[in-house]
Amino acid sequence: MRLFASASDRRRGILALVAVAIGFVGLSLFVREYAGLITDAEALRTWLRQFGVLAPLVFIAIQALQVIVAPIPGQVVALVAGYLFGSFWGTVYSLTGVLIGSAIAFSLAKRYGRSFVEDVLHEDVIARFDEFVDTVGVPGLFAFVIIPGLPDDAICFLSGLTKWKLPTFIAVISVGRLPAYVFTVYAGGELASGRLLSGLALIALVVVASVVGYYKQETVRDLVARIEPRLPF
């Protein structure tokens, strides 16, 4: 059996593999150089300011990157968005970056299949959530991604292995991830305005929800799996 139908197909296949390899090398170098910025809110805020009017585009790229290169904490990046851009535009930029990153993760998994996902994700995450993602419906996915602290970035890759279409997946992600990002971005805006008490209270709320979600991953997974088949839609 021939792998490629023609010489032109073979050339395109080789070029695609080379492009993917170059992309991952570049991504690895970028992460190695700037991962500290993404995990340090103050350093990231200072670094972004140097880009002036281009700062929103740079921020969106970073927010997209944190979805693809797990486990970079997206809430830290969203906090910076509120501090730099205010509650409204910070939320717009954060959600835009998250949706771009989620779409890329989903599309890469859809294009390159299970072997690619197994190289990207930890085997423990795949073992716990692969079957869940493959069987749960859209309402179940929404219930899962709306809770902070759960491995929603990993879910983006695993969702690419299902029969779901990209528009459906993005619609669920955009609504499900919105509340946590609104809270976090607003907290950053409060801190920037000098309202430390309210800003810290919102951050504490998100942190507590994330910690509970993280330590109750299996409980949430099992609960969603039980409830979803009983939903009337």
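Before going into details, it helps to say that this report is about the structure given with it. Going along each chain's sequence as written, the residues are numbered from 1 onward. Under the rules for a predicted model, residues below a pLDDT of 70 receive no local features and side-chain atom pairs below 80 are neither given nor counted, while totals for whole chains, interfaces and linings still include all residues. Hydrogens and water are ignored here; the side-chain numbers use all heavy atoms of the structure.

On to the environment of Pro56, then. Along the chain, Pro56 falls in helix H3 (residues 55–68). In this scheme, a residue with accessible area under 20% of its type's maximum is buried, one over 50% is exposed, and one in between is partly exposed, where area comes from a 1.4 Å probe on protein chains only. The buried category is assigned to Pro56, whose relative accessible area is 16%. With 38 residues separating them in the primary sequence, Pro56 and Ser94 have C-alpha atoms 9.4 Å apart. When residues no more than four places from it in sequence are discounted, the contact partners of Pro56 are Phe85 and Tyr93. Helix and strand labels come from DSSP, where a helix needs a run of H or I of at least four residues and a strand needs a run of E of at least two; each type is numbered from the N terminus. We call two residues contacting when some pair of their heavy atoms lies within 4.5 Å.

Relative to the helices and strands, Arg177 resides in helix H8 (residues 166–192). Judged by relative accessible area, which is 2%, Arg177 ranks as buried. N or O atoms closer than or at 3.5 Å make up a polar contact, with two conditions inside protein: a donor-capable atom paired with an acceptor-capable one, and, for residues adjacent in sequence, both atoms drawn from side chains. Here the side chain of Arg177 touches Ser102 through a polar contact of 3.2 Å, side chain to side chain. Looking at Arg177, its side chain comes within polar contact range of the side chain of Asp153, at 2.7 Å. Aside from chain neighbours lying at most four places away, what touches Arg177 is Val67, Val98, Ser102, Val145, Asp152, Asp153 and Cys156.

Another point: the pattern of salt bridges. Basic side-chain nitrogens of Lys or Arg form a salt bridge, by our definition, when they fall within 4 Å of a carboxyl oxygen of Asp or Glu. For the coordinates displayed, the defined rule picks out two salt bridges. Asp153 is paired through a salt bridge with Arg177; the nearest N and O atoms lie 2.7 Å apart. Here Asp153, found in helix H7 (residues 152–159), pairs with Arg177, found in helix H8; they are 24 residues apart in sequence, far enough to count as distant. One exposure class covers both Asp153 and Arg177, and it is buried.

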